[in-house]
Amino acid sequence: MPREWDAKTYDSLPLPHLGWGRRTLGRLPLAGDERVLDAGCGTGRDTAGLLDLLPRGRVVALDGSVRMLEQLRERLAGRLDRVEVVHADLTRPLPFDGEVDAVFSVAAFHWIADHAALFTSLAGRLRPGGRLVSECGGRGNIAAVNAAVADVLGGAPDVWDFAGVEDTRRQLTDAGFTGIEVGLRPDPARFESGDQLESYLATVVLGAHLDGMAGDDREPFVKAVAARLAEPVVDYVRLEIAATRA
Ligand SMILES: C[S@@+](CC[C@H](N)C(=O)[O-])C[C@H]1O[C@@H](n2cnc3c(N)ncnc32)[C@H](O)[C@@H]1O
């Protein structure tokens, strides 16, 4: 299964994900009665947004982190009758019944190394004609942060291989998608203070690096990475996808 997340701290942070979520919801045309998969739903912020747009519909909220899903259940208490909460790995055949009318995803796909397996798995559950609308880190994402990490560690561990436009287009075609639109959008996120940046780095960006470190090494590592950034800015580049299941 994918790694665990500190879901409570995640929800307490000033997340650029809020804007990414709103933007991605705005790209998903819905009639209001569909069943939609929120792939890598995390703590359910956009699952709630989807429920608002689906007064007669349902959401399959799927994530690989138990703690993220616990937080989602708290957030959506009182609305869970229209939510199927699924703990699963997006690169494996998805363990829920039937098909969905659309797939939605924010800030999740770059955590998955095998996009060919991911898109095949999603296509296996999306009805023909259904729409996939997503965003995640794309080619060039957080280059300055990665350079700082490499400087601190003397070489960066392979946590991400951020996908580009052409490789994504090819993988979507191979997985059975058509009407494919893929683009990269530079979208730097600025934090109010060094403390806020460090907390954000530790919980969101560098979590996978920290998993493999001794407890005492973690805070100095985060501080060293933050100190190497010229400004309290994370230099995001987002990969935006829209495609239709053939
Ligand atoms: C940065 S969070 C984004 C969560 C939410 N979509 C948001 O915008 O706040 C990335 C999420 O992707 C999930 N994830 C990463 N790899 C996954 C996988 N292979 N299968 C299922 N979920 C995965 C993580 O558990 C995490 O909740």
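Going by the structure above, here's the rest.
Note that the structure is a prediction, hence the values are computed from the model and not measured. (Residues numbered from 1 in each chain as written. Predicted model: local features only at pLDDT ≥ 70, side-chain atom pairs only at ≥ 80, totals over all residues. Heavy atoms only, no water.)

On to the overall build of the chain. Scanning the chain for helices and strands turns up 10 helices and nine strands. Here the C-alpha radius of gyration of the chain, 18 Å, is about what a compact globule of 246 residues would show, namely 18 Å. Judged by the C-alpha coordinates and their principal axes, the chain covers about 50 × 40 × 30 Å. When the 246 residues of the chain are sorted by exposure, 51% land in the buried category. (Helix = DSSP H or I, 4+ residues; strand = E, 2+ residues; numbered from the N terminus. Rg over C-alpha atoms; globule rule 2.2 N^0.38 Å. Buried < 20%, exposed > 50% of the residue type's maximum accessible area, 1.4 Å probe, protein only.)

Our focus in this paragraph is the sheet that holds strand S1 (residues 35–39). Strands sit in the order S3-S2-S1-S4-S5-S9-S6 across an open sheet of seven strands; the sheet is mixed. Among the strands making up the open sheet, the edge pair consists of strand S3 (83–87) and strand S6 (177–186). Strand-to-strand twist of the sheet, defined as the mean angle between neighbouring strand axes without regard to direction, takes the value 15 degrees. Pairing of strand S4 (residues 100–106) with strand S5 (residues 126–137) involves six bridges; the strand directions are parallel. Pairing of Val100 across the sheet is with Leu126, part of S5. Helix H4 (residues 66–75) rests against strand S2 (58–63) and S3 of the sheet, and its axis sits at about 165 degrees to S3. (Pairing = 2+ DSSP bridges. Axes fitted to C-alpha atoms, helices over the stretch in contact; angles between N-to-C directions. Contact = heavy atoms within 4.5 Å.)

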